[in-house]
Amino acid sequence: MDGLRGVNIYLVGMMGAGKTTVGRILAKKLKYRFFDTDELIVRVTNQSIAEIFDREGEEAFRELETKVLGELSAYKNSVVATGGGIVTRSMNWGYLHYGVVVWLDVPVDQLYDRLRSDTARPLLQEGEIKSKLQSLLNERERLYTQADVRVCAGVGERAEAMATRAIEEIQKVIKPETGPDLN
Ligand SMILES: Nc1ncnc2c1ncn2[C@@H]1O[C@H](COP(=O)(O)OP(=O)(O)OP(=O)(O)O)[C@@H](O)[C@H]1O
Ligand SMILES: O=C(O)C1=C[C@@H](O)[C@@H](O)[C@H](O)C1
Ligand SMILES: [Mg+2]
C-alpha cells in the first residue's frame, strides 16, 4: 500500500451510513487494521455512548472523540470508522486530513429504514427520527463535502459493494505514480 504512504482511511457520514459495517469490509479487502472511534470510546470508558451522553453530556463525548482520533493518527495502514458527528469539530479535520477522508453519502430515507428502531444512538432518541436525521444532515452536509472522496449509496446497495466502490474512488484521488496496488 505504498501509494497511500501508509496513511489511514477515515470514513465519515451520517449515523447509519454504514461507516462501521463498510469500514470492516474495506479493512479486510485492503489488509488494513480496522478501528472504530465509537467502539474505542466505549472500550476506554467502559460505558455505552448513551450512558456517556446521559451522564456527562455531548461535549464530554466530543472531547473523547477528539482524543481517540488524535491517538489513531499515530497509526498507519488503518481504516477508521468515525462517529457521525466527528466532522463538527474543526480541530478534528486536522487529524482527518492526515489521511484520506471518505464520505459515505446515504439518503435520509435509507438511513431511516436502518435506524427506525434504533435505541443506541442518543441523538435519535428525542423527536421524530426521520426529521431529526434530516436536520442533522442539513447542519452537517457542508462539512461532509470536505471529504476527499464521496461514495453515494445506490438504492439497496450492499455494504460489500460500497466498500468496493470506495476503493475505486480512493484510487482516483491518489496520484498515479504513487497509487496503491489495490488489485
Ligand atoms: N449498505 C447497507 N445496506 C443495508 N444495511 C446496511 C448497509 N450498511 C449498513 N447497514 C446497516 O445499517 C445499520 C447501521 O450501520 P452502521 O452501524 O455501520 O452505521 P454507522 O455509519 O457506523 O453509524 P454510526 O455513525 O451511528 O456509528 C446496521 O444495522 C447495518 O447492518
Ligand atoms: O451523528 C452523531 O452525532 C453520532 C453518531 C454516532 O456514531 C455516535 O458517535 C453518537 O451516537 C453520535
Ligand atoms: Mg459506526
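Residues numbered from 1 in each chain as written. Chains lettered and ligands numbered in written order. Predicted model: local features only at pLDDT ≥ 70, side-chain atom pairs only at ≥ 80, totals over all residues. Heavy atoms only, no water.

Undergrad: So, the pattern of salt bridges: which residues are in play, and what are the values?
TA: Close approach of charged atoms allows side chains with opposite charge to pair. Tallied over the entire structure, the rule returns 14 salt bridges. Notably, a salt bridge pairs R62 with E58, separated by 3.0 Å at the nearest N-O pair. Of this pair, R62 and E58 both sit in helix α4 (residues 58–72), 4 residues apart, roughly one helical turn. Owing to a relative accessible area of 5%, R62 belongs among the buried residues under this scheme. Residues K172 and E169 are paired through a salt bridge, measuring 3.0 Å at the closest nitrogen-oxygen approach. Taken together, the positions of K172 and E169, both in helix α8 (residues 159–173) and 3 residues apart, correspond to about one turn of that helix. Here K172 falls in the exposed class, since its relative accessible area comes to 60%. It is possible to trace a salt-bridge network through shared partners that takes in E58, R62 and E65. (Salt bridge = Lys/Arg side-chain N within 4 Å of Asp/Glu carboxyl O. Helix = DSSP H or I, 4+ residues; strand = E, 2+ residues; numbered from the N terminus. Buried < 20%, exposed > 50% of the residue type's maximum accessible area, 1.4 Å probe, protein only.)

Undergrad: Give me the site of ligand 2: which residues, what numbers.
TA: Taken together, the neighbourhood of ligand 2 is formed by M15, D38, I49, F61, R62, E65, G83, G84, G85, P122, L123 and R140. Its free accessible area being 310 Å², ligand 2 has 97% of it covered by the protein chains. Placement of ligand 2 is best described as lying within the largest pocket. Partitioned by chemical class, the residues of the shell around ligand 2 number 5 nonpolar, 3 polar and 4 charged. (Near = heavy atom within 4 Å. Areas by Shrake-Rupley, 256 points an atom, 1.4 Å probe, with all protein chains shown as cover. 1 Å grid on protein atoms, 1.4 Å probe; cavity = no way out; pocket = protein on both sides within 12 Å on 5 of 7 lines; lining within 4 Å. Sits in = over half its atoms within 2 Å of the grid points. Nonpolar A, V, L, I, M, F, W, Y, C, P; charged D, E, K, R; others polar.)

Undergrad: Mind laying out the site of ligand 1, listing which residues take part and the relevant values?
TA: Around ligand 1 lies a shell of 15 residues, among which K19, T20, T21, R121 and E157 are the nearest. At a separation of 3.3 Å, an oxygen atom of ligand 1 approaches a polar side-chain atom of D38. Bound to the protein, ligand 1 loses 72% of the 640 Å² it would expose on its own. In this structure the site holding ligand 1 corresponds to the largest pocket. (Polar contact = N/O pair within 3.5 Å; in protein donor to acceptor, adjacent residues only side chain to side chain.)

Undergrad: Can you break down the UniProt feature "binding site: Mg(2+)" (unreviewed entry) in the protein chain residue by residue, with the values?
TA: Using the residue numbers shown here, the UniProt feature "binding site: Mg(2+)" (unreviewed entry) corresponds to T20. You can see T20 is positioned in helix α1 (residues 19–30). Setting aside its immediate chain neighbours within four residues, T20 contacts F34, D36, E39 and A81. (UniProt positions renumbered as here; feature names shortened; annotations may be inferred. Contact = heavy atoms within 4.5 Å.)

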